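Residue-level listing of the chains:
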Amino acid sequence: MIRAVNKTYKKRKKLIVKFGLYALGLIAAGIIIWLLYYYIRFYSYDEYKKYLGTTEFEEGAEFAPIPEANPSVSGFELVAENDYLKLYTDTETANVAVYDKRNQNIVYTNPLNADEDSIANETNKRYLKSQFVLNYFNKSRAAGIFDSYSMSVEKGQIRAESIKNGIRYIYDVGEHETSTTGIVPIYFSPEKMEEVQSKLSEADATAIRRYYINSTEFPGLLELNGVARKNKKTIQKIQGFLEGIGFTEDEYHEQMELAGVEKPESVYFIVPLEYRLEDDGVIVSVPTSKIEEYGEAKIYRIQLLRYMGAGGQDEKGYIVVPNGSGSIINFNNGKINAAEYSQYVYGMDPLADGWTQTEYTEKARLALFGICREDSSILATIEEGETLAAITAGISGKYSSYNYAYTSFMLRIYDVLSIFGSTGSSADLPIVVDNLYECNLSVKYTFLTKEYSGFSGMANYYRQHLLDEGVLTLKNGNEDVPFYYDVIGGVKETAYVLGTQYLTVNPVTTFKEAGDISDDLYAEGIENQVMNFQGWFNGGYYHDVTDKIRILRKLGGKSGLENLSKKVEDNGGFFYGDTALQKVTYISKRYSEYHETSKYYGAGYYAWFANVSPTTLVKLSTLGYRETGYYLVSPKFLPRYVNGLIKGISKLDINGISLRDLGDTLHSDHKRTNIINREEALDIVLAQFDKLAAKGKRFLINGGNEYSFKYASDIINAPISDNSFFIIDESIPLYQMIIHGSIDYAGGIINYYDDMDRADLKLKLIEYGASPHYLFTAGTANEMKYTGLNKYYSTDYDIWKNEALEMYKDVNEALKRVSGETMIDYEILQNGVKKVTYSNGIKFYINYLTEDVYADGVNISAKSYEIR
């Protein structure tokens, strides 16, 4: 019996061990599978790499100017020539000049009489003579500035190379540390001295040895005696001996290191700057892959051609800047106490911006600026590197006698870490990205003749360029302008079950109710309506990531969505489903904030943001609604979610997709092990646009940065004003002049234009050729009072219907005559009175004043407009 029990026990034990091993095997297999999934999903995912662009570099040759009997620019040598222009240079100063054969104008990169400037101090005179200015951090991370004139040209540290249709200057910028004794070592080892003497004549060997004594400070070494050290002629004599036998600088440092004297680290940079003629312009480029940095210093910004084509105090003209819709700064406007105009193209990279926001500003959505004179203009377009660029402009009288505009490029980003001491003191330490961003930084300066004079001519020229490049396509004929309206569908709200809090979807406007709004607008005569339905999938307005698309059943499901799209189309309009691709809500369930979010370089924090706190002004407050906070998706993982969106919408029969952030926000990722700079991020974003466009859908773009023009059918929240910087003199519709007649657009949501009189707003829309844009819900805004969208406090369609109809009908009555035309001219007849001319000859005269005006032969009633 005992044997039977033991036998049973052993069997059970073996069974337990067997099952235990089996369980361990399953656990191990599970861990391996999970690790493999983890690795594939986050670490090995590299689809983005195939979208990254490459840079090319042209090898140069010894500079050879083109012989010319009668130079068009006195004192300069001819570099290149085409049908329109001649490119000249002065190799002594590195100044470059462009001679325009069409009107005999000459444009210089630098003013010729900089030293005679009565306003500029010595520093600004150096800047006037410089082709670029470098901002850098040294080894200790203290900031410094080198200008190309005093730190390169003046020192003779520059050389020129010939390249196709142009010239390349290679600047050696900085200080090269030299010893007061040249290559004459203060200390010599006896063995090295014997080697040197063996190569000299007997007399010279005796002479050089006489100058060295046994060192008392460093026993075993020979030391240059004090008398010889102070005598320049003796030093020169010894140097002659050493140079004659091929004694090198490396050997000098080798002998000095025997006494503990380390080789000094000079801070200097090698920077190539290229000029190439191309048609009616010159392309100025800095190939960053060929920049060299020494002394452990790191360049973080380059200011390029600060005074190219600058206007003097005796000239009339103005500067055009992409400030919101566009602005002009008059030459010599006297605002010397105002700050310079300066804006990052497409807004500042969120990862380089601060965490506080004190004001809202319109972005610079165009990568261009201009300098206009009475008889000619210069249009500067940033061809490459625009995502790293800022545009700056200023007037005469402050730093110099010149009115100027230029581009600066951020060559690497840096974070600032605050270090706190035990006593409460603190210091800020810059943490700088190791490697320069590798790309070409290129600005094309196009020289416009009288045919394209002023900012209107500049806009006409650039529009035609975009048409020729296939970025824009002209519409066929005129029709009613669109009526844009956003509709809020589902939004998260807090609910409770047995005292337990959870989030549910509140169906603020169902698909059927949105269809009823469309039918009602159609019945009121609005056919060309554009509905942007927000909050239709994955949890509503603050939706989950788009790796999967799940239509909200509470709103009507897939059939309800498709029926709504068809209904809007049957009513003569277009339907767009709103989608955010780069901003992911905090409450996302299928997103890994640790792995998939862009990171800061310094401390590796996630790039996460939320609302601006009304008390601290920090952009991190959810204000009690966690879903309003968002992470910025790393450009590395953007293709994953675009692929998911494409897969999802391919199964849906809807007109188009509204892209909430793809044409509005552009950001980098500075995760230390995989940095993706903003220029690379643009490559990735453009590739995603191409993939989406291949599905044949229409796209409604929010914001409308210039790179999205090629893909946009419509743009909402386009800039219809500028920022009221003190240096600005006039606001102009530069943005609108470029795209009108190709892309339909609207400004912000009219429901919330609280600071503008409705009559003025109506005139503004007519002046800028923009359509009305409203936000509607089927129910009252109280439905959203306790949601993350409580900022939308007035959205009820029934309340806004009459005003919206009146606004649309008045604006459409004016603009339907020109909806498919280009805006070819814009004039400021007097303060508050504007004239807009379209390609079909129709002119609008707009009077914002409270009294009638007679201008340009036309009587214009107060707060009204006239059409001719």
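Rules used in this analysis
- Throughout this description, residue numbers start from 1 for each chain and increase along the sequence as written.
- Only residues with pLDDT of at least 70 get local features here, since the model is predicted, and only at 80 or more are side-chain atom pairs given and counted; chain-wide, interface and lining totals rely on the full set of residues.
- Note: side-chain values were computed over all heavy atoms of the structure, leaving out hydrogens and water.
- Residues grouped as a nonpolar core are buried Ala, Val, Leu, Ile, Met, Phe, Trp, Tyr and Cys residues, joined through side-chain atoms within 4.5 Å.
- Residue exposure (1.4 Å probe, protein chains only): buried if accessible area is under 20% of the type maximum, exposed if over 50%, otherwise partly exposed.
- Each helix is a run of DSSP H or I of at least 4 residues and each strand a run of E of at least 2, with the numbering of both proceeding from the N terminus.
- Each cavity reported here is a set of points on a 1 Å grid over the protein atoms alone in which a 1.4 Å probe fits but cannot get out, each pocket an open set with protein on both sides within 12 Å along at least five of seven lines, and each lining residue one with an atom within 4 Å of a point.
- Grid points are joined across faces, edges and corners, and a volume is the space filled by probe spheres set on the points.
- The nonpolar class holds Ala, Val, Leu, Ile, Met, Phe, Trp, Tyr, Cys and Pro. Asp, Glu, Lys and Arg form the charged class, and all remaining residues, Gly among them, are polar.
- For two strands to be treated as a pair, DSSP must find at least two bridges joining them.
- Patches draw on residues past 30% relative accessible area with no salt bridge. Two like charges within 9 Å are joined, as are two nonpolar side chains (Val, Leu, Ile, Met, Phe, Trp, Tyr) within 5 Å.
- Per-residue and other accessible areas were derived by the Shrake-Rupley procedure at a 1.4 Å probe size, with only the shown protein chains allowed to occlude residues.
- Salt-bridge detection follows one rule: a side-chain nitrogen of Lys or Arg within 4 Å of a carboxyl oxygen of Asp or Glu.
- Residues scored as positive are Lys and Arg, those scored as negative are Asp and Glu, and His as well as the terminal groups of each chain are ignored.
- For charged residues, the charge sits on one atom: NZ in Lys, CZ in Arg, CG in Asp, CD in Glu.
- One less than the residue count of a helix, multiplied by 1.5 Å, gives the span that helix is expected to have.

### With respect to the nonpolar core
Inside soluble globular proteins, nonpolar side chains tend to come together where they are buried.
Next, step 1: One finds Tyr-275, Tyr-445, Phe-533, Ile-715, Ile-738 and Phe-844 to be the most contacted residues of the largest nonpolar core, which totals 183 residues.
Next, step 2: Take this core: its biggest share by element is nine residues, from helix 17 (residues 797-815).
Next, step 3: In terms of nonpolar packing, the next biggest core, distinct from the first, is built from 25 residues, Tyr-187, Met-193, Phe-241 and Phe-247 among them.

### What about empty space enclosed by the protein?
Next, step 1: Taken as a whole and assessed by the stated rule, the structure comprises four cavities of 30 Å³ or more.
Next, step 2: Of the volumes computed, that of the largest cavity is approximately 80 Å³.
Next, step 3: Residue lining of the largest cavity: Val-481, Pro-482, His-740, Gly-741, Ile-743, Asp-744, Tyr-745, Gly-769, Ser-771 and Ser-819, and that is the complete set.
Next, step 4: Classifying every residue of the lining of the largest cavity gives four nonpolar, five polar and one charged.

### Description of the sheet that holds strand 35 (residues 630-632)
Paired through their backbone hydrogen bonds, the strands of a sheet run either parallel or antiparallel.
Next, step 1: Reading across the sheet, the three strands line up as 33-35-34 and stay open at both edges, with antiparallel pairing between neighbours. Looking at strand neighbours, the two that pair on one side only are strand 33 (583-585) and strand 34 (608-609), the edges of this open sheet.
Next, step 2: One ladder, built from two bridges, connects strand 34 with strand 35; its direction is antiparallel. Looking at the pairing, Phe-609 lines up with Tyr-630 of strand 35.

### A few points about a negative patch on the surface
Next, step 1: A cluster of like negative charges, contributed by Glu-249, Asp-250, Glu-254, Glu-257 and Glu-262, occupies part of the molecular surface.
Next, step 2: Structurally, Glu-249 is set in helix 8 (residues 249-257).
Next, step 3: With relative accessibility at 48%, the residue Glu-249 sits in the partly exposed group.

### Quick notes on helix 9 (residues 454-468)
For an α-helix, the turn length of 3.6 residues means that residues three or four places apart are oriented alike.
Next, step 1: Here helix 9 spans 21 Å end to end across 15 residues, near enough to the 21 Å set by a 1.5 Å rise per residue.
Next, step 2: Among the 15 residues that make up helix 9, 12 are buried, leaving the element largely enclosed by the rest of the structure.
Next, step 3: Listed as buried for helix 9 are Gly-454, Phe-455, Ser-456, Gly-457, Met-458, Ala-459, Asn-460, Tyr-461, Tyr-462, Arg-463, Leu-466 and Leu-467.
Next, step 4: Looking at the residues trailing helix 9, positive phi occurs at Gly-470, about 80 degrees.

### Section: the sheet that holds strand 37 (residues 698-702)
Next, step 1: Reading across the sheet, the eight strands line up as 40-38-37-36-32-31-28-41 and stay open at both edges, with parallel pairing between neighbours. Lying at the two open borders of the sheet, with one neighbouring strand each, are strand 40 (744-745) and strand 41 (773-776).
Next, step 2: Note: strand 28 (residues 483-488) against strand 41, four bridges, orientation parallel. Bridging across to strand 41, Val-487 finds its partner in Phe-776.

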